[in-house]
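What follows is the residue order along each chain.
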Amino acid sequence: EMSYNRQAYRLRGLQLNSPYFSLGLQGEGHLRGQNRLSFDFIAGDMQSFTRRTGLPEINFSGGLSGEALGSLDSMHVSVSYDLSNLYYDTMYVRKLEGHASALLSRDSLLGGELLLSADSSYGVNQWIERISLQSSLDTNYMQNRLDVRVNDSLSLNIHTGLALEKDPRIFMKNLQLQIDT
């Protein structure tokens, strides 16, 4: 069901299915007022899709879901993802999962958060057991925490800050490198 009347809309059970992906969309709102939209994306034959569209070749299974809440001047967007067997160029990730959210205005990003976790990644001839990234943005300051574990004897933990000013400043809050021989 889809309806539109004087900038007010409603979507119920809108589903787009193809061999490449499935996309579901539902919600309601007003173009000049409040909106509430949710979506679900499930991957199909992504490799054929990227080839046909001329995009860089990528392949994965799984999906993502999310929602957008608010007005066009102040929209909160959140997405959760759970992907597996992700291939891109010479990189492979067995499992990628996490959550991202952002507060958007018409012309800028007001704040946001990214949580990412990857297991059993392979790239540049090296296996990486686990990568975890947490980032948050609050107006003019970004915080990042990165944990990388290559194996039992090699890991990295780094916590940084970035002040988004006229002359940006980078802060190194913590750096821990473990190398066991």
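Just so we're clear, the structure is a prediction, and the values are computed from it rather than from any experiment.

Enquirer: Please clarify how unusual backbone geometry should be interpreted in this entry.
Expert: It is generally the case that most residues other than glycine have a negative phi and that most peptide bonds are trans. At R6, a position not held by glycine, the phi torsion is positive, near 50 degrees. Among the structural elements, R6 can be located in the loop between β1 (2-5) and β2 (8-17). Positive phi outside glycine occurs at Q7, with the angle close to 75 degrees. Take Q7: it is sitting in the loop between β1 and β2. Q7 gets classed as partly exposed once you look at its relative accessible area, which sits at 25%.

Enquirer: Help me understand the pattern of salt bridges in this model?
Expert: Oppositely charged side chains are able to pair whenever their charged atoms sit close together. Counted by the stated rule, this structure contains eight salt bridges. With a shortest N-O distance of 3.9 Å, E28 and R12 are connected by a salt bridge. Placement of E28 in strand β3 (residues 21-30) and of R12 in strand β2 is noted, with a sequence separation of 16 residues between them. Using a relative accessible area of 33% as the deciding quantity, one classes E28 as partly exposed. Put simply, R10, R12 and E28 are held in one network by salt bridges that share partners.

Enquirer: Is there a simple way to explain the pairing of strand β6 (residues 74-88) in this structure?
Expert: Looking along a regular strand, one sees the side chains alternate between the two faces of the sheet. Here strand β5 (residues 58-71) pairs with β6 via 13 bridges, running antiparallel. Counted as the bridge partner of S65 is S80 from β6. Connecting the antiparallel pair β5 and β6 is a turn made up of two residues. Between β6 and strand β7 (residues 91-104), which follow one another and run antiparallel, lie two residues, and D89 among them has a positive phi close to 55 degrees.

Enquirer: How do you make sense of a nonpolar patch on the surface when you look at a structure like this?
Expert: Taken together, the side chains of L154, L177 and I179 define a hydrophobic patch exposed on the protein surface, amounting to about 280 Å² of accessible area. For L177, the position within the fold is in strand β12 (residues 169-179). According to the relative accessible area criterion, L177 is exposed, its value standing at 54%.

Enquirer: Please clarify how the nonpolar core should be interpreted in this entry.
Expert: It is characteristic of soluble globular proteins that their nonpolar side chains tend to be buried jointly. If you look at the biggest cluster of nonpolar residues, it comprises twelve residues: Y20, F21, F41, A43, M46, F60, Y81, L83, L86, V93, L96 and A118. Counting only elements with at least two residues in this core, the list comes to β4 (35-43), β6 and β7. No other element matches the three residues that β6 contributes to this core. What A118 contacts, discounting residues up to four positions off in sequence, is V93, K95, L96, E129, R130 and I131.

Enquirer: Would you mind going over the side chain of H159 with me for this structure?
Expert: For H159, the position within the fold is in strand β11 (residues 154-163). Among the residues examined, H159 registers a relative accessible area of 13% and is labelled buried. Within the structure, H159 has its side chain in polar contact with the side chain of R145 (distance 3.2 Å). Excluding its chain neighbours within four sequence positions, the residues that come into contact with H159 are Q143, N144, R145, F171, M172, K173 and N174.

Enquirer: Just to check I follow, could you spell out the environment of S132 for this structure?
Expert: When you line up the elements, S132 lands in strand β9 (residues 126-138). Spatially, the C-alpha atoms of S132 and S117 are 4.5 Å apart, while their sequence positions differ by 15 residues. In this view, S132 contacts L116, S117, R145, L146 and D147; residues no more than four positions away in its chain are not counted.

About the cut-offs
Residues numbered from 1 in each chain as written. Predicted model: local features only at pLDDT ≥ 70, side-chain atom pairs only at ≥ 80, totals over all residues. Heavy atoms only, no water. Helix = DSSP H or I, 4+ residues; strand = E, 2+ residues; numbered from the N terminus. Buried < 20%, exposed > 50% of the residue type's maximum accessible area, 1.4 Å probe, protein only. Salt bridge = Lys/Arg side-chain N within 4 Å of Asp/Glu carboxyl O. Pairing = 2+ DSSP bridges. Patch = residues over 30% accessible without salt bridge, like charges linked within 9 Å, V, L, I, M, F, W, Y side chains within 5 Å. Areas by Shrake-Rupley, 256 points an atom, 1.4 Å probe, with all protein chains shown as cover. Core = buried A, V, L, I, M, F, W, Y, C linked by side-chain atoms within 4.5 Å. Contact = heavy atoms within 4.5 Å. Polar contact = N/O pair within 3.5 Å; in protein donor to acceptor, adjacent residues only side chain to side chain.

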